[in-house]
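Single-letter residue listing:
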Amino acid sequence: MRMKLAGCLCLCCLASMALTILADTTSPKPTLSSAFSSKSTTPAASSALKSNKTSAAHGTKGELLPMVINTWNFTAANVLAWRILKQSKGGLRQTRNAVVEGCSKCEKLQCDRTVGYGGSPDESGETTLDAMVMDGATMDVGAVAGLRRIKDAIKVARHVLEHTQHTMLVGDAASAFANAMGFESESLVTPESKDMWLQWTAENCQPNFWWNVHPDPKVSCGPYKPRPTPLTRWKEDRARNEYEIGRKNHDTIGMIAIDVESNIHAGTSTNGARHKIPGRVGDSPIPGAGGYADNEVGAAVATGDGDVMMRFLPSLLAVEAMRVGKPPAEAAEVGIRRIMKHHKDFMGAVIAVDRLGNYGAACYGLEEFPFMVSSPAGKDGPTRMETVKCIAGPEKVNVVPL
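What comes next is a walk through the structure.

Rules and cut-offs
Residues numbered from 1 in each chain as written. Predicted model: local features only at pLDDT ≥ 70, side-chain atom pairs only at ≥ 80, totals over all residues. Heavy atoms only, no water. Helix = DSSP H or I, 4+ residues; strand = E, 2+ residues; numbered from the N terminus. Expected span 1.5 Å × (residues − 1). Buried < 20%, exposed > 50% of the residue type's maximum accessible area, 1.4 Å probe, protein only. Arc of directions from axis to C-beta. Pairing = 2+ DSSP bridges. Axes fitted to C-alpha atoms, helices over the stretch in contact; angles between N-to-C directions. Disulfide = S-S within 2.5 Å. Salt bridge = Lys/Arg side-chain N within 4 Å of Asp/Glu carboxyl O. Core = buried A, V, L, I, M, F, W, Y, C linked by side-chain atoms within 4.5 Å. Contact = heavy atoms within 4.5 Å. Parallel < 35°, antiparallel > 145°, perpendicular 65-115°, else oblique. Left-handed = near helix turned anticlockwise from the far one by under 90°. Nonpolar A, V, L, I, M, F, W, Y, C, P; charged D, E, K, R; others polar. Phe/Tyr/Trp six-rings, centres within 6.5 Å; stacked < 30°, edge-to-face > 60°. Lys NZ or Arg CZ within 6 Å of the ring centre and 35° of its normal.

So, about helix α8 (residues 191-202). Between the first and last C-alpha of α8 there are 16 Å, a value that for 12 residues agrees with the 16 Å anticipated at 1.5 Å per step. For α8, every residue scored as buried is listed here: Ser 193, Met 196 and Trp 200. Along the axis of α8, the buried residues cluster in a sector spanning 55 degrees; they form a single face. Turned more than 90 degrees away from the buried face of α8, the exposed residues are Pro 191, Gln 199 and Ala 202.

In structure tokens form, the structure reads like this:
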């Protein structure tokens, strides 16, 4: 009898241990830290703490949610999204509306001329748009890429999400779909974007995104044809054209909204890289690259050099890092450092938020990265701009020839 009793006790202990391990590996661990928490130990988080002493460790779920957070200091977009989220108690059933209308506001305002119509003309002088909406409850996505002659990119992406079984529509076919859904066709070119293009062509189309072609893309507008060449490292290829990536010519609004029940939506919108080769699509409309949302864990959005960042799915990496227990600031840094391992001269940033409303950010290629937050945790009102110091790059040493 004693042996049977001992055996039962042993089995109960093993079962209890197994359940504990399973809970630790499958559930996100609530954290009181953010990009500005004193408990954060990453370089980006530590720097942010020094420059943002008013932002301390965040509290419980009830104090942090609902919330809206977005890339850059796009205040008007955040304010509108927050107002829409607060239309119902705790933001319930409003996260999609908040994200879509917030990003749409940026499209209308032409935020930094990098979102919406009239900015970032391609080589032919045309502005095209990319956008995405992701539902963290269903994991459904609606996206458009290379959208032409339609201003409301994120609203068309919402229609892809809600009225089709597809994930992404592109180019003229996406525009035809938008027309069928009631959106009007109109030119996205403005006098400003036309002047931008004319100045670029007058300067022999410099800089541009071509390499290994002839005539020489450093001094000519083409048309180009392939030039046989041995394989070279990416850095050497990039140096051919010396295209400077920065917020004024290569930017995205990425936005996340969460209600008190941890229902999450993420969205993005951009007009892409200035003077891009027609047909180019960046990271913004790609799930896991420009943005990702999962109600079980949280969400992340990214901005920066999309041609590089989309190869590493930094938003997905950040969410999966939170899934295994990393706080948001460290999770955001996971996505950035994965890219840094291969590319030393890109610009990018990632914002990560867990399902409880704790958030953090990491960036590279800038001195600091601003972002907007609206939540009940604000000391001087719900909406505020915060910044994070970026990860320092390798020191450049100027060698003077003797």
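Now that the structure is up, let's keep going.
Attention shifts here to the sheet that holds strand β11 (residues 348-354). Strand order in the open sheet formed by 4 strands is β9-β10-β11-β12, with antiparallel pairing between adjacent strands. Both outer strands of the open sheet, β9 (291-294) and β12 (359-364), are each paired with one neighbouring strand and no more. Ignoring which end each strand starts from, the neighbouring axes of this sheet average 10 degrees apart. Both β9 and strand β10 (residues 298-304) contribute to a ladder of 4 bridges, which runs antiparallel.

This structure, assessed with the given rule, holds 3 disulfides. Two residues share a disulfide in this structure: Cys 205 and Cys 221, whose sulfurs sit 1.9 Å from each other. Residues Cys 205 and Cys 221 are joined through a disulfide that is right-handed, its torsion about the S-S bond being 100 degrees. Here Cys 221 lies in the loop between β5 (213-214) and β6 (225-226) and Cys 205 lies in the loop between α8 and β5, a separation of 16 residues in the sequence. Owing to a relative accessible area of 35%, Cys 221 belongs among the partly exposed residues under this scheme. For Cys 363, the disulfide goes to Cys 390, at an S-S distance of 2.0 Å. The S-S bond linking Cys 363 to Cys 390 shows a torsion near -105 degrees; that makes this disulfide left-handed. One end of the pair, Cys 363, is in strand β12; the other, Cys 390, is in the segment after β14 (383-389), with 27 residues separating them in the sequence. The thiol of Cys 103 is unpaired, and the distance to the nearest cysteine sulfur, on Cys 106, comes to 7.2 Å.

What follows deals with the pattern of salt bridges. Applying the stated rule across the entire model yields 17 salt bridges. Arg 149 is the partner of Asp 172 in a salt bridge, and the nearest nitrogen-oxygen pair spans 3.7 Å. Residue Asp 172 is found in helix α7 (residues 171-180), and its partner Arg 149 is found in the loop between β3 (141-147) and α6 (153-163); the two are separated by 23 residues along the sequence. Residues Arg 158 and Glu 162 are paired through a salt bridge, measuring 2.8 Å at the closest nitrogen-oxygen approach. Of the two residues, Arg 158 and Glu 162 both sit in helix α6, 4 residues apart, roughly one turn of that helix.

Membership of the largest hydrophobic core comes to 85 residues, with the highest contact counts inside it found for Ile 69, Val 144, Ile 256, Phe 369 and Phe 371. Apart from the residues within four sequence positions on either side, Val 144 is in contact with Leu 129, Asp 130, Ala 131, Ala 153, Val 156, Ala 157, Val 160, Leu 169, Ala 174 and Pro 285.

Let's shift gears to unusual backbone geometry. Along the chain, Leu 65 connects to Pro 66 via a cis peptide bond; the corresponding omega equals 0 degrees. Structurally, the position occupied by Pro 66 is in the loop between α3 (61-64) and β1 (67-71). Of the consecutive residues His 214 and Pro 215, the connecting peptide bond is found in the cis state with omega at 0 degrees.

For the rest of this paragraph, the subject is the packing of helix α11 (residues 314-323) against helix α12 (residues 328-340). What describes two packed helices is the angle between their axes and the distance between those same axes. Two numbers describe how α11 lies on α12: the axes approach to 8 Å, and their chain directions differ by 140 degrees. Between α11 and α12, the angle falls in the class oblique. Of the two elements, α11 crosses α12, and the hand of that crossing is right-handed. Touching Pro 314, Leu 317, Ala 318, Ala 321 and Met 322 of α11 are Pro 328, Ala 331, Ala 332, Val 334, Gly 335, Arg 338 and Ile 339, all from α12. Here the contact of α11 with α12 is built from residues that sort into 10 nonpolar, 1 polar and 1 charged.

This paragraph deals with the sheet that holds β14. Within the open sheet, the 8 strands sit side by side as β4-β3-β2-β8-β7-β1-β13-β14. Their pairing is mixed. Every interior strand has two partners, whereas the edge strands, β4 (168-170) and β14, have only one. Adjacent strand axes in the sheet meet at a mean angle of 15 degrees, parallel and antiparallel pairs treated alike. The sheet contact formed by strand β13 (residues 368-374) and β14 spans 7 bridges and is antiparallel. Its bridge partner being in β14, Glu 368 is matched across the sheet by Lys 389. Most of the contacts of helix α4 (residues 75-85) go to β1, to which it runs at about 160 degrees, and overall it touches β1, β7 (253-258), β13 and β14.

Another aspect to go through is the environment of His 159. Relative to the assigned elements, His 159 resides in helix α6. Placed 19 residues apart in sequence, His 159 and Ala 178 show a C-alpha to C-alpha distance of 8.1 Å. Leave out the neighbours within four places in its chain, and His 159 touches Thr 164, Phe 177, Met 181 and Phe 183.

A few words now on the packing of aromatic side chains. The tally for this structure, following the rule as stated, stands at 5 aromatic pairs. Seen in terms of ring centroids, Trp 72 and Phe 369 are 5.0 Å apart; in terms of plane orientation they differ by 80 degrees. Their pairing is edge-to-face. Residue Trp 72 is located in the loop between β1 and α4, and its partner Phe 369 is located in strand β13; the two are separated by 297 residues in the primary sequence. A single burial state applies to Trp 72 and to Phe 369, both of which are buried. Between the aromatic rings of Trp 210 and Tyr 224, the centroid separation amounts to 4.8 Å while the plane-to-plane angle is 45 degrees, which identifies the pairing as tilted. Highlighted residues: Trp 210 in the loop between α8 and β5 and Tyr 224 in the loop between β5 and β6, separated in sequence by 14 residues. The ring of Tyr 117 has Lys 151 lying over it, and the distance from NZ or CZ to the ring centre is 4.0 Å.

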